[in-house]
Amino acid sequence: MTKVFAFTVNGKPVNVSLDNEDTPLLDVLRNELGLVGTRFGCGLEQCGCCMVLIDGAPEKCCAKPAWSVEGKQVITVEGLGDAENPHPLQQAFLEEQAGQCGYCLAGILISAKALLDRNSKPSRTEIAQALDDNICRCGSHNRIVRAVQKAAAVIRAGAGR
Amino acid sequence: MNAPLAGPLNDNPNLDRWVAFPAPGKITVLTGRVELGQGVLTAMAQIAADELDVAIERITIRSGDTEKAPNEGYTAGSMSIQFGGVALRQACADVRALFLDQAAKALGCNVTELSIRDGRLFRSGTSTGQDYWTLSGAVDLGVKATGRGERKSVADLQNIGTSSARVDLPAKVFGESAFIHDLRLEGMVHARVVRQPNRGATIGSIDENAIRRAAKGPIEFVRNGNFLAIIGDNETAVEAAGVSAVKHVSWQNVEAPAPTQQEASWLLQKPVVERAFGAPEGGNPQNRERYEATYTRGYLAHASISPSCGLALYRDGRLTVWTHCQGVYPLRAALAKALKLEPSSIIVHHVQGSGCYGHNGADDAAADAAIIAMQKPGQPIRIRWRREEEFIYEPKTPAMVVKVRALLDDDGKPVDWTQEIWSPTHNLRPGAGGNLLGAIALPNPPPEPPPNDVPEANGGGATRNAEPLYHIAAKRILHHLVTETPVRTSALRGLGAMPNVFALECCIDDLAQRAGQDPVQYRLSITADPRARAVIEKVAAMAKWDAGTAGGTGRGRGIAFARYKNRAAYSAVIVDLSVDEEIRLHRVWCATDAGLVVNPDGVANQLEGGIIQSASWVLKEQVRFDNGVASFDWETYPVLKFSEVPEIEIELINTKDEAPLGVGEVTAGPTAAAIGNAVSHALGARIRDLPLTRERIMAALLRE
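Residues numbered from 1 in each chain as written. Chains lettered and ligands numbered in written order. Predicted model: local features only at pLDDT ≥ 70, side-chain atom pairs only at ≥ 80, totals over all residues.

Student: I'm lost on the overall build of chain A in this one. Help?
Tutor: Across its full length, chain A carries 6 helices and 5 strands. By the compact-globule yardstick of 15 Å for 161 residues, chain A fits well, its C-alpha radius of gyration being 16 Å. In terms of overall dimensions, chain A has C-alpha extents of about 50 × 30 × 25 Å along its principal axes. Classification of the 161 residues of chain A by burial places 55% in the buried group. Relative to all contacts within chain A whose residues are 6 or more apart in sequence, the contacts with residues 24 or more apart total 60%. (Helix = DSSP H or I, 4+ residues; strand = E, 2+ residues; numbered from the N terminus. Rg over C-alpha atoms; globule rule 2.2 N^0.38 Å. Buried ≥ 20, exposed ≤ 12 C-beta atoms within 10 Å, placed from the backbone. Contact = placed C-beta atoms within 7 Å.)

This is the structure in structure tokens:
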């Protein structure tokens, strides 16, 4: 039986009709809403490619049923910024060339956003620990950590969000 | 006389295979090399911008496309810039020369009076009103490259040698459609394959009802022999059905790898094809001091962050395939053979995937999509492997045993070196005769390919970097090519280079210790090649290497060196770490000589990536078997985490007058060996088996 779920994605209210209410949020984002920035990595909540913010908390959404976000606010990488108006994290990732294949980056940006929201001046160790839920297989870790530090400084200086 | 054309240009001599002028102000550069996260598209754009004298923004790169792009085989072996880039550079220089000829003809002047700035023609510094696009109608690029176009001198390079920003990164950072996984075709259906566990396994029973119940949405079964797939409009339903089918489809003739087969030592008992290279055996004085040690490394997974994906559409007798594989032309040939189609009726497009680091499931996923598409004409098929499927069915890099025997002179320096290797093949790519996984499940499956490995002329597979670059009078390689393996094996970053460099560079440290010499000094004393010496000296200076630091304290420092394939980049690595029950990496220094560097930051990124990935292999990774592949997710196959990654310092030696040398794989071997040597220094005991697990550390401590 079709059920309709209402929540917000990147500030916009959405209504999604699903025959299967266990449909993972990731599938809803990618296949129903066309928001492909959040990537599928494992479907097991292990790799962090699918990290989104749910009411501000970083959560993996590849196995999270859509019904569980009813009434909640979901932020995806598309909600951080775009080429015209990049988030300081996105800007810093580009400046540091923090990535190789880039498949993990959307999830990492979300984890980093969650970190900076609660800690405006994280140390290298704190950043690394906050990103331990995200796997990067290419070995861009140090660039990513540098980019997060840089974005934190930009945000602290009041130049960004 | 012109220099001989670089290999890929010889293979694809027509200039219109490399450069096109599609619209005013626009240039399309074609390359057979594909983006795997290594930044190759950016580097190719830099090369073309310099040789065509245009702003880099004018260039669009089209890569990996059997309709248009040159056939450069595989994007592999750190050869893209060293060969493909050199070829593109010459092609662009030849194109530029043709336009200069045409402009001189049109303007009635001498070519020497002309110059090009951002695509516009100037005569003695004055604008002529002509540009590439006004002239392009009169210039036939369907001609063969001659190599007569003069390439820019190093002093005139504007883009090559600068750290241009990666062209592909913004889409990935802004979460745009960037990967094959994001591709959506009109009317597309999703698919999952119920994988045949091994060659010869046959479907026993299929509990269709149970699978349909698990799907919670409409699905359809597609079967051809023992190739079974599930398709449907709703990906969630298809995925759930795919997961469920693992339990609800039974197979006969299953051969599941056992734990006893997972260690490299298992290979010692297996049938082999004998191969030998280098100096003949014997003829050495019997009274020489001998050194012998055996090293092993288990099976590794590529463990790409995203499972493989492929799309295919069969319509009007033509098959179109979208893939993230490393070689669209070899895939096309393999698909033609498997599906009994003419290659000319198949188009293969490369679309970016996640980093692959070698032969992962990409080709097989493309074949899966193609097989299903052939049964569903007119319907675009998208398959995405499941995570578990990728881990279990991707080709593994083979386990290896490497035994080093050295005879020493009176100063403790090696005069005779034998590197004896037991290893299955490192190349079962479709282009090397390997079968596409789905094809093996079809009726009348293709035979198993004959035992083979990468030819020595291409750098060897299991033998890669088995010959030390050091000055040693007699060197030989004995390769026991193991022909029976518990799992399919194929290429992973560096092939045999990592285990070989690990073995030989650990031996060099042992020999230095035996001779009472400092590892850096000992290496320099047997190194003639000035570029090799330079990276060793440089990295020692970077790390402030102190000869004679006491070992056995729990803190260790190690060095190692290699020139990848003994013909690509040179790299030396120093690692600082500490060991208690586990190994903690603190800092890594790396000095590399890659000749003319197209994009220094891109090279640094590749070197860093190689260091981190190698550290992950050495500290954590081994594919385990237990009634099948027991490493099937990120918990059973853990890789290095952010908090475990050391700080890394990279320096490139300035040798821009030298030819560019491939860097993608060079740090893997030296990093592994530098970690091995640092652990030995920290413990005062040598561990010769990879990965360097806690159990092995404890065992080494107990031995001491």
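Student: Just checking my understanding: could you explain the overall build of chain B for this structure?
Tutor: The number of helices and strands found in chain B is 17 helices and 25 strands. Taken against the 2.2 N^0.38 rule, which gives 27 Å for 704 residues, the C-alpha radius of gyration of chain B at 27 Å falls within 12% of a compact globule. Seen through its principal axes, chain B has C-alpha atoms that stretch 80 × 75 × 50 Å. Put simply, chain B has 704 residues, and 57% of those count as buried. Within chain B, counting contacts between residues at least 6 apart in sequence, those at least 24 apart form 80% of the total.

Student: Explanation requested: the sheet that holds strand β1 (residues 3-9) of chain A in the structure shown.
Tutor: Working definition: the strands of a sheet are paired by backbone hydrogen bonds and lie parallel or antiparallel to each other. All names here are of chain A. Pairing is mixed in the open sheet, where 5 strands are placed in the order β2-β1-β5-β3-β4. Only two strands of the sheet have a single partner each, and these edge strands are β2 (12-18) and β4 (57-60). Strand-to-strand, the axes of this sheet are offset by a mean angle of 40°, without reference to chain direction. Looking at chain direction, β1 and β2 are connected through 7 bridges and run antiparallel. (Pairing = 2+ DSSP bridges. Axes fitted to C-alpha atoms, helices over the stretch in contact; angles between N-to-C directions.)

Student: Is there a simple way to explain the sheet that holds strand β18 (residues 400-408) of chain B in this structure?
Tutor: Residue and element names in this part refer to chain B. Taken in spatial order, the 6 strands of this open sheet run β12-β20-β19-β18-β13-β25, and their pairing is mixed. If you trace the sheet from one side to the other, it starts and ends with β12 (272-278) and β25 (689-690), each paired once. Relative to strand β20 (residues 474-482), strand β19 (residues 414-423) runs parallel, the two being bridged by 8 bridges. Each bridged residue has a counterpart across the sheet, and for Ser423 the counterpart in β20 is Leu481. This element, helix α12 (residues 497-514), spans β13 (289-297), β18, β19 and β25 of the sheet and lies at about 145° to β13.

Student: Would you take a moment to explain the nonpolar core for this structure?
Tutor: Most often, soluble globular proteins have nonpolar side chains that are buried together. Counting residues in hydrophobic clusters, the biggest one holds 275 residues, and the most contacted among them are B:Ala369, B:Ala370 and B:Val539. A total of 12 residues in this core trace back to one element, the largest contributor, which is helix α3 (residues 80-107) of chain B. (Core = buried A, V, L, I, M, F, W, Y, C linked by C-beta atoms within 7 Å.)

Student: Sorry, what's going on with the pairing of strand β9 (residues 220-224) of chain B here?
Tutor: Each regular strand carries side chains that alternate between the two faces of the sheet. All names here are of chain B. Note that β9 and strand β10 (residues 227-232) share 5 bridges and pair antiparallel. Across the sheet, the residue bridging to Asn224 is Phe227, located in β10. Hairpin geometry of β9 and β10 is characterised by an intervening segment of 2 residues between the two adjacent antiparallel strands and by a positive phi of about 65° at Gly225.

Student: Sorry if this is basic, but what is going on with the pairing of strand β15 (residues 318-323) of chain B here?
Tutor: All names here are of chain B. Of all 6 residues in β15, 5 are buried; the element is thus mostly enclosed. Bridge count for strand β14 (residues 309-315) against β15 is 6 bridges, and the pairing is antiparallel. Along β15, the bridge assignment pairs Tyr314 with Leu319. A loop of 2 residues connects β14 with β15, the two strands running antiparallel in sequence, and Asp316 in this loop sits at a positive phi of about 50°. Bridge analysis of β15 against strand β16 (residues 346-350) gives 5 bridges, and the strand direction is parallel. Residue Leu319 lies in a different strand from β16, and its bridge partner there is Ile346. In terms of handedness, the path from β15 via helix α8 (residues 328-339) over to β16 forms a crossover that is right-handed. (Right-handed = clockwise from strand over helix to strand, strands pointing away.)

Student: Explanation requested: the interface of chain B and chain A in the structure shown.
Tutor: How large an interface is tends to be reported as the accessible area lost when its parts come together. Contact residues are listed per partner, giving 48 residues for chain B and 45 residues for chain A. Counting residues per element, the ones that place at least two in the side of chain B that touches chain A are α5 (169-173), α7 (235-248), α15 (600-620) and β24 (647-652) of chain B. A total of 8 residues in the side of chain B that touches chain A trace back to one element, the largest contributor, which is α15(B). By residue class, the composition of the side of chain B that touches chain A is 18 nonpolar, 16 polar and 14 charged. (Nonpolar A, V, L, I, M, F, W, Y, C, P; charged D, E, K, R; others polar.)

Student: Mind showing me how you'd approach the environment of B:Pro8 here?
Tutor: All names here are of chain B. Relative to the elements of secondary structure, Pro8 occurs in helix α1 (residues 7-11). Take Pro8: there are 27 C-beta atoms within 10 Å of it, and that puts it in the buried class. It is 8.9 Å that separates the C-alpha atoms of Pro8 and Gly32, two residues lying 24 residues apart in sequence. Setting aside anything within four residues of it in sequence, one finds Pro8 in contact with Gly32, Pro70, Glu72, Phe83, Gly84 and Ala87.

Student: It is not clear to me how unusual backbone geometry should be interpreted in this structure. Could you clarify?
Tutor: Excluding glycine, residues mostly have negative phi values, and the peptide bonds linking residues are mostly trans. Residue and element names in this part refer to chain B. Residue Pro691 is bonded to the preceding Leu690 through a cis peptide linkage, with omega at 0°. Mapped onto the fold, Pro691 is located in the loop between β25 and α17 (694-703). The backbone of Asn253 shows a phi angle near 60°, a positive value even though the residue is not glycine.

Student: I'm lost on helix α3 (residues 88-95) of chain A in this one. Help?
Tutor: Across the 8 residues of α3(A), 6 count as buried, placing the element largely inside the fold. Inspection of α3(A) places A:Pro88, A:Leu89, A:Gln90, A:Ala92, A:Phe93 and A:Leu94 among the buried residues, and these make up the whole buried set. On its buried face, α3(A) sits against α2 (77-80), α4 (105-118) and α6 (141-156) of chain A together with α5 of chain B. A:Gln97 lies just past α3(A) and shows a positive phi near 50°.

Student: Would you take a moment to explain the environment of B:Ala240 for this structure?
Tutor: Residues and elements named next belong to chain B. In this fold, Ala240 is placed in helix α7. Since 24 C-beta atoms lie within 10 Å of it, Ala240 is described here as buried. Once the C-alpha coordinates of Ala240 and Glu649 are considered, the two residues, 409 residues apart in sequence, prove to be 45 Å apart. Here Ala240 is in contact with Ala214, Ala215 and Lys216, once residues within four sequence places are set aside.

Student: Hey, could you run me through the packing of α4(A) against α6(A) in this one?
Tutor: In a packed pair of helices, the relevant descriptors are the angle between the two axes and the axis-to-axis distance. Residue and element names in this part refer to chain A. α6 packs onto α4 with a crossing angle of 40° between their chain directions and a minimal axis gap of 11 Å. It follows that α4 is oblique to α6 by the angle criterion. In the crossing of α4 with α6, the sense of the turn from one axis to the other is right-handed. Counted together, Ile108, Ala112 and Leu116 of α4 and Ile144, Val148, Ala151, Ala152 and Ile155 of α6 form the full contact between these two elements. Tallied by class, the residues present in the contact of α4 with α6 amount to 8 nonpolar, no polar and no charged. (Parallel < 35°, antiparallel > 145°, perpendicular 65-115°, else oblique. Left-handed = near helix turned anticlockwise from the far one by under 90°.)

Student: Mind showing me how you'd approach the packing of α15(B) against helix α16 (residues 668-683) of chain B here?
Tutor: Residues and elements named next belong to chain B. Where α15 meets α16, the axes come as close as 8 Å, and the angle between the chain directions of the two elements is 50°. Considering their axes alone, α15 and α16 lie oblique with respect to each other. The interaxial crossing formed by α15 with α16 has right-handed handedness. Contacts between α15 and α16 involve Gly610, Ile611, Gln613, Ser614, Ala615, Trp617 and Val618 on the former and, on the latter, Ala668, Thr671, Ala672 and Ile675. Here the residues of the contact of α15 with α16 are counted per class, giving 7 nonpolar, 4 polar and no charged.

Student: Please clarify how the environment of A:Asp22 should be interpreted in this entry.
Tutor: All names here are of chain A. Within the element layout of this structure, Asp22 appears in the loop between β2 and α1 (25-32). Judged by local crowding, Asp22 falls into the partly exposed class, with 15 C-beta atoms found within 10 Å. Sequence separation between Asp22 and Ala152 is 130 residues; the distance between their C-alpha atoms is 37 Å.

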